[in-house]
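Survey of secondary and tertiary structure
One letter stands for each residue in the lines below.
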Amino acid sequence: MNQQLASFFRSVFQVIYPESCCICGTDLVRGEDYVCTVCAFDLPYITANEQDVTKLNKLFWGRVEVQKVYSLFNYQKGNHVQTILHYIKYKSRPNIAIHFGEVLARSIAENQGLDCIVPVPLHPKKERARGFNQSQAIAQGLANELNLPIYKSHIIRNSFNQSQTKFSKYDRYENVRSIFSVVKAKELEGKHVLLVDDVLTTGATIESCAAELLQVSGCKVSIATLAARV
Ligand SMILES: [Zn+2]
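What this report covers is the structure whose coordinates are included nearby. Within each chain, residues carry numbers counting from 1 in the order of the written sequence. Reporting of local features is limited, given that this is a predicted model, to residues whose pLDDT is at least 70; pairs of side-chain atoms are given and counted only at 80 or more, and all residues count toward the totals for whole chains, interfaces and linings.

When the terminal C-alpha atoms of helix α7 (residues 134-146) are compared, their 18 Å separation across 13 residues agrees well with the 18 Å that a helix rising 1.5 Å per residue should span. Any residue with 12 or fewer other C-beta atoms within 10 Å of its own C-beta is exposed, any with 20 or more is buried, and the rest are partly exposed; the C-beta atoms used are placed from the backbone. Helix numbers and strand numbers start at the N terminus; a helix is a DSSP run of H or I with at least 4 residues, a strand a run of E with at least 2. Summarising burial for α7: 11 of the 13 residues are buried, a large majority. The set of residues buried in α7 consists of Gln-134, Ser-135, Gln-136, Ala-137, Ile-138, Ala-139, Gln-140, Gly-141, Leu-142, Ala-143 and Leu-146. With C-beta atoms placed from the backbone, a contact is any residue pair whose C-beta atoms sit within 7 Å. Tucked inside the fold, the buried residues of α7 contact α4 (80-90), α5 (94-106), β2 (116-119), β5 (192-200) and β6 (220-228). Helices are assigned an expected span. That span is 1.5 Å times one less than the residue count.

Here it is in structure tokens:
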């Protein structure tokens, strides 16, 4: 279908089923994507606040070695960022995640030496229930803009069974307790990975994922999330 025709059908479709702002619910007009201009203007962009960017980059200090942390929005309980995240997850709207992934990518300067994008895996049961992994959708948006490959199956989420939990009292067996495992480690050797998740609050999940990646020889990690609590 040519561009004009596609645009015509989109307009007709919008008249019948107008897309509405996922925050305030008003009908969107042409040129607005998922969020109306008024709501978009009010969103707390981390990238617009230098202090927040500094706080963001210090989040993993003393925990795990991370090159850079990128995040679009400041997440606070009850703010509109929470509404967007909720919309993505529970109303099954991967397109919004892809869209904001693209917006996030535009805030990442070129020449960061990134080689590939790795989305934090969801628990398979959760992914089946939701129909998609929101981190993977955000990764798709980032990949569209940054022209980087997505490594979807290089890290897996372990499911624990009874026999594994008994190890938890032995702190030194940390690898036994890991939530994630790297597979296809060879392909990650020497790579600078952009690790992607939807939201960064305590950072525990993403820290655990990064720690696994850092065990791969020569692997470096940067982190990108749609939102972070700073
Ligand atoms: Zn709105």
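What follows picks up the thread again.
Another aspect to go through is the pairing of strand β1 (residues 69-74). Looking down a regular strand, the side chains alternate between one sheet face and the other. Burial analysis of β1 places six of its six residues in the buried class, which makes it a mostly covered element. As paired elements, β1 and β6 share five bridges and run parallel to each other. Across the sheet, the residue bridging to Asn-74 is Ala-228, located in β6. Strands pair, by our definition, only if DSSP identifies at least two bridges between them.

Judged by nonpolar contacts, the single largest core of 51 residues is most densely connected at Leu-142, Leu-195, Val-196, Leu-226 and Ala-227. Where this core is concerned, the elements lending two or more residues are β1, α4, α5, β2, α7, β5, α10 (204-213) and β6. Domain delimitation follows an automatic or database domain assignment. Looking at this core, you find at least three residues from each of domain 1 (1-42) and domain 2 (43-228). In this structure Leu-226 touches Leu-72, Phe-73, Leu-85, Phe-100, Leu-104, Ile-138, Asp-198 and Val-199, once residues within four positions along its chain are discounted. The term nonpolar core refers to a set of buried Ala, Val, Leu, Ile, Met, Phe, Trp, Tyr and Cys residues connected through C-beta atoms within 7 Å.

For helices, the fitted line uses only the C-alpha atoms of the stretch in contact; every axis is such a line through C-alpha atoms, and the angle between N-to-C directions lies from 0 to 180 degrees. In the contact formed by α5 and α7, the axes pass within 7 Å of each other and the chain directions differ by 45 degrees. On the basis of the axis angle, α5 is oblique to α7. Between α5 and α7 lies a crossing of right-handed hand. Counting all contacts with α5, which are made through Pro-94, Ala-97, Ile-98, His-99, Phe-100, Gly-101, Glu-102, Leu-104, Ala-105 and Arg-106, the residues of α7 involved are Gln-134, Ala-137, Ile-138, Ala-139, Gln-140, Gly-141, Leu-142, Asn-144, Glu-145 and Leu-146. All residues other than Ala, Val, Leu, Ile, Met, Phe, Trp, Tyr, Cys, Pro, Asp, Glu, Lys and Arg, Gly among them, are scored as polar; the first ten of these are nonpolar and the last four charged. Residue composition of the contact of α5 with α7, by class: 11 nonpolar, six polar and three charged. What sets the label is the angle itself: under 35 degrees gives roughly parallel, over 145 gives roughly antiparallel, 65 to 115 gives roughly perpendicular, and the rest give oblique. Helix crossings get a hand from a simple test, with the near helix turned counterclockwise from the far one by less than a right angle marking a left-handed crossing and a clockwise turn marking a right-handed one.

What follows concerns unusual backbone geometry. Even without glycine at this site, Asn-147 takes up a positive phi of about 55 degrees. Positionally, Asn-147 belongs in the loop between α7 and β3 (155-157). Positive phi is not limited to glycine here, since Lys-184 has a value of about 50 degrees.

Scope: geometric values only; no functional claims are made or implied.
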